[in-house]
Amino acid sequence: MSRTLVQPVGQKRLTNVAVVRLRKHGQRFEIACFPNKVLSWRTRVEKDLDEVLQSHTVYSNVSKGVLAKSKELIKAFGTDDQTKICIEILEKGELQVSGKEREAQLSSQFRDIATIVMEKTINPDTRRPYTITMIERLMHEIHFAVDPNLTSKEQALKVIKKLIEHFPIKRAPLRVRFTAPKPNFTGLMEKVAEWNATVISNDISGTQPSIDSKWALGGA
């Protein structure tokens, strides 16, 4: 007598997935995503939903392959449109990762934040950027901890403010080019002076004179 493996109705098993979970109205809802794609979606790097979702399906338990019931979806979300619900879970849910995966993600984001800090700051004594190794060491000294719910840029700006309080470090000047019609050029020069910008060069030839300047930023 032959044996056939029968998968129960309402179950659909997936492997090698990133699970995003959202609890709503006392129920747990999950979606199965491709690894490393959830954060790309949330930071708008990835815009194709099909590149993020393994299927447009809402589960009550991804690991067991248990699908969410239609009546539960309607009660919690006001609809049983699987794609719309998947998007809401993707945006608001909590990404489930193992301890090692979380550690690797936090380490990678710590490095990203340090890189942004390095690019936006200088040593005021040498007028040169610190090395990435030095920035990471200073971040450890102020006991900085990565928040996975914030972007690297948001956290980098907070880190810069904190570092300025404790170490000889300042924002790198922003290089800006201003252009204006000739009749307004004199007024533009006056404004640049008011902003305490350092004029590197200017070009008053042509119909659109320009000013290259360095603009010192006092804060993050």
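No experiment lies behind these values; they were computed from the predicted model shown. (Residues numbered from 1 in each chain as written. Predicted model: local features only at pLDDT ≥ 70, side-chain atom pairs only at ≥ 80, totals over all residues. Heavy atoms only, no water.)

Quick word on the packing of helix 4 (residues 99-120) against helix 5 (residues 132-141)
Thought 1: For the pair helix 4 and helix 5, interaxial distance at closest approach is 9 Å and the crossing angle is 110 degrees. Taken together, the axes of helix 4 and helix 5 lie roughly perpendicular to each other. Seen along the crossing, helix 4 lies across helix 5 with a hand that is right-handed. Contact residues: Phe110, Arg111, Ile113, Ala114, Thr115, Val117 and Met118 in helix 4; Ile132, Ile135, Glu136, Met139 and His140 in helix 5.
Thought 2: Taken together, the residues of the contact of helix 4 with helix 5 break down into 8 nonpolar, 2 polar and 2 charged. (Axes fitted to C-alpha atoms, helices over the stretch in contact; angles between N-to-C directions. Helix = DSSP H or I, 4+ residues; strand = E, 2+ residues; numbered from the N terminus. Parallel < 35°, antiparallel > 145°, perpendicular 65-115°, else oblique. Left-handed = near helix turned anticlockwise from the far one by under 90°. Contact = heavy atoms within 4.5 Å. Nonpolar A, V, L, I, M, F, W, Y, C, P; charged D, E, K, R; others polar.)

Some points on the nonpolar core
Thought 1: In this structure, Cys33, Ile89 and Leu90 are the most contacted members of the largest nonpolar core, which totals 21 residues.
Thought 2: Elements with a contribution of two residues or more to this core: strand 1 (18-24), strand 2 (27-33), helix 1 (38-42), helix 2 (70-77) and helix 3 (82-92).
Thought 3: Ranked by residues supplied to this core, first place goes to helix 3 with 4 residues.
Thought 4: Excluding residues within four positions of it along the chain, Leu90 makes contact with Val20, Ile31, Cys33, Val38, Trp41, Arg42, Leu49 and Val52.
Thought 5: Counting 18 residues, the second largest nonpolar core, distinct from the first, contains Ile116, Tyr130, Ile135 and Phe144. (Core = buried A, V, L, I, M, F, W, Y, C linked by side-chain atoms within 4.5 Å. Buried < 20%, exposed > 50% of the residue type's maximum accessible area, 1.4 Å probe, protein only.)

Remarks on the confidence of the model for the protein
It should be kept in mind that the predicted coordinates are not to be read in detail where pLDDT is low.
Thought 1: In the predicted model, the protein carries a mean pLDDT of 83, and the fraction of residues at 70 or more is 81%.
Thought 2: Contacts from residues 1-10, a stretch scored under 50 in pLDDT, to residues over four places away or in other chains number 5 contacts. (pLDDT = per-residue confidence, 0-100.)

Some details on unusual backbone geometry
Thought 1: At Arg44, a position not held by glycine, the phi torsion is positive, near 65 degrees.
Thought 2: Mapped onto the fold, Arg44 is located in the loop between helix 1 and strand 3 (59-61).
Thought 3: For His143, which is not glycine, the phi torsion reads 60 degrees and is therefore positive.
Thought 4: Within the secondary structure, His143 is located in the loop between helix 5 and helix 6 (152-166).

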